[in-house]
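# Structural overview
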Amino acid sequence: MTFPNPLDVREATASRQGSDRAASSAKSSVVVEARKLSLVYPTADKPVTALSEVDLTIARGDFVSLIGPSGCGKTTLLRVIADLERPTSGHIVIEGMTPEQARLKRLYGYVFQAPALYPWRTVERNVMLPLEIMGIARAERQARAREQLERVGLSGFERKFPWQLSGGMQQRVSIARALALQPDLLLMDEPFGALDEITRDHLNLHLTQLWRATGKTCVFVTHSIAEAVFLSTRIVVMSPRPGRILDVIDCDSLPRERKLEIRESPEFAAIAHRVREGLKEGHSYDD
Ligand SMILES: Nc1ncnc2c1ncn2[C@@H]1O[C@H](COP(=O)(O)OP(=O)(O)OP(=O)(O)O)[C@@H](O)[C@H]1O
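These figures come from a predicted structure and were not determined experimentally.

All right, on to the overall build of the protein then. Per the secondary structure count, the protein includes nine helices and nine strands. For the protein, with 287 residues in total, the buried portion stands at 42%. In the protein, the proportion of contacts linking residues at least 24 apart, taken out of those at least 6 apart, comes to 73%.

Structure (structure tokens):
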């Protein structure tokens, strides 16, 4: 499998970088603010408390990873931000709006664990789909889809079908689709969880470059400590269910521009250690 030089992504996005950043600077510095957020799923058996009194502030331009054991409520928290679930109690504000208003204004793009592409649509037509739904004219749809495909390093693959691409390439198409409506916020639910380690390394590198080039705010769910440390400006460590926040770790000791080699550095090891300790501490089921 070949990967485009991630530097191409930086070049492709350079022209947009200025306008994205200028637009961002005019807005509030807080993108997500959650206070005492709880969510209980009613089930036929007994209610399941997925989130308990979660307080979280996500600043503009941050790359925040949510990490915690399976079933601790990471996806639920992401879905609450996206207005795909409603909290049972507490408050959440997205860019000064309710999650519903933010969803209706298409303020976020969502990337799922599986690429969820339509096999009968070409790559380009998959990326164009949200623009089609928004009633954007064909020429503009196509221009925007091509711009996003260039951004994720997939120029030249517009006319391919998803099944002609590798898993990693399909996931990059789904990132391009999430970016098509130019959202401020990119929500990603374990997008690389199903990929082999080498592909995952390449995509992590690609994603961190994309994030720096666009200045987007990212919320990323992962099970991988190394992935969280490599990508994030802040790591949110969650407890086993009911999901609570155990620790919020700043990754300021790492440079913003990251190469895979930083994983060998003592600063990287120190943050990974703190994440691991946080996960260990929280490891007892209490409901
Ligand atoms: N629609 C639902 N109805 C009932 N329970 C649910 C529902 N969705 C999730 N849950 C439960 O809520 C808890 C949190 O689930 P969630 O998917 O948010 O966790 P997660 O941390 O993302 O897990 P994983 O890492 O395995 O993807 C789990 O116990 C799950 O079984």
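What follows deals with helix α9 (residues 266-281). Over its 16 residues, α9 runs 22 Å from end to end, which matches the ideal 22 Å to within 8%, given 1.5 Å per residue. Buried within α9 are the following residues: Ile271, Val275, Gly278 and Leu279. Relative to the axis of α9, the buried residues are bounded by an arc of 100 degrees and lie together on one face. Away from its buried face by more than 90 degrees, α9 exposes Pro266, Ala269, His273, Arg276, Lys280 and Glu281. Buried residues in α9 make contact with β3 (63-67), α8 (225-231), β8 (234-238) and β9 (245-250).

A word on the UniProt feature "domain: ABC transporter" (unreviewed entry) in the protein. The sites that carry the UniProt feature "domain: ABC transporter" (unreviewed entry) are, in the present numbering, residues 34-265. Between the end C-alpha atoms of residues 34-265 the distance is 33 Å, and the span holds 33% helix and 25% strand.

The next subject is helix α6 (residues 167-179). A rise of 1.5 Å per residue sets the reference length of α6, with its 13 residues, at 18 Å; its end C-alpha atoms lie 19 Å apart and thus fit the reference within 8%. Across the 13 residues of α6, twelve count as buried, placing the element largely inside the fold. Of all the positions in α6, only Gly168, Met169, Gln170, Gln171, Arg172, Val173, Ser174, Ile175, Ala176, Arg177, Ala178 and Leu179 are classed as buried. Close packing links the buried residues of α6 with β5 (108-111), α4 (123-133), α5 (138-151), β6 (185-189) and α7 (197-214).

On to the nonpolar core. The biggest cluster of nonpolar side chains holds 69 residues, and the ones touching the most others in it are Ile81, Ala176, Leu187, Val219, Ile235 and Val275. In terms of residues, this core owes the most to one element, α6, which gives six residues. When residues of this core are assigned to domains, at least three map to each of domain 1 (6-107 + 183-281) and domain 2 (120-179). Contact partners of Val219, with chain neighbours within four places excluded, come to Ile58, Val64, Leu66, Leu78, Ile81 and Leu187.

Before going further, it helps to examine the confidence of the model for the protein. Confidence in the prediction of the protein, expressed as mean pLDDT, is 88, and 89% of residues score 70 or more. Here residues 1-25 is a poorly scored stretch, pLDDT under 50, and it has 30 contacts once near neighbours within four places are set aside; other chains count. Scored as a complex, the prediction yields pTM 0.88 and ipTM 0.97.

On to the sheet that holds β9. An order of β5-β6-β7-β3-β8-β9 is seen for the six strands of this open sheet, with the pairing classed as mixed. In this open sheet, the two strands that pair with only one neighbour each are β5 and β9. Each neighbouring strand pair of the sheet contributes to a mean axis angle of 15 degrees, computed without reference to strand direction. Pairing analysis gives five bridges linking β6 to strand β7 (residues 217-222), with the strands arranged parallel. Looking at β7, one finds that Met188 is bridged to Phe220. Against the sheet, α6 engages β5 and β6, with an angle of about 165 degrees to β5. α9 contacts β3, β8 and β9 of the sheet and is inclined by roughly 175 degrees relative to β9.

Right, let's get into the site of the ligand. The environment of the ligand is formed by 13 residues, the closest being Tyr41, Ser70, Lys74, Thr75 and Thr76. Of all the secondary structure elements, the ones that give two or more residues to the shell around the ligand are β2 (48-59) and α2 (74-81). Counting residues per element, the shell around the ligand draws most heavily on α2, which supplies three residues. Split by residue class, the shell around the ligand holds four nonpolar, seven polar and two charged.

What counts, and where the lines are drawn
- Residues numbered from 1 in each chain as written.
- Predicted model: local features only at pLDDT ≥ 70, side-chain atom pairs only at ≥ 80, totals over all residues.
- Helix = DSSP H or I, 4+ residues; strand = E, 2+ residues; numbered from the N terminus.
- Buried ≥ 20, exposed ≤ 12 C-beta atoms within 10 Å, placed from the backbone.
- Contact = placed C-beta atoms within 7 Å.
- Expected span 1.5 Å × (residues − 1).
- Arc of directions from axis to C-beta.
- UniProt positions renumbered as here; feature names shortened; annotations may be inferred.
- Core = buried A, V, L, I, M, F, W, Y, C linked by C-beta atoms within 7 Å.
- Domains from an automatic or database assignment.
- pLDDT = per-residue confidence, 0-100.
- Pairing = 2+ DSSP bridges.
- Axes fitted to C-alpha atoms, helices over the stretch in contact; angles between N-to-C directions.
- Near = placed C-beta within 6 Å.
- Nonpolar A, V, L, I, M, F, W, Y, C, P; charged D, E, K, R; others polar.

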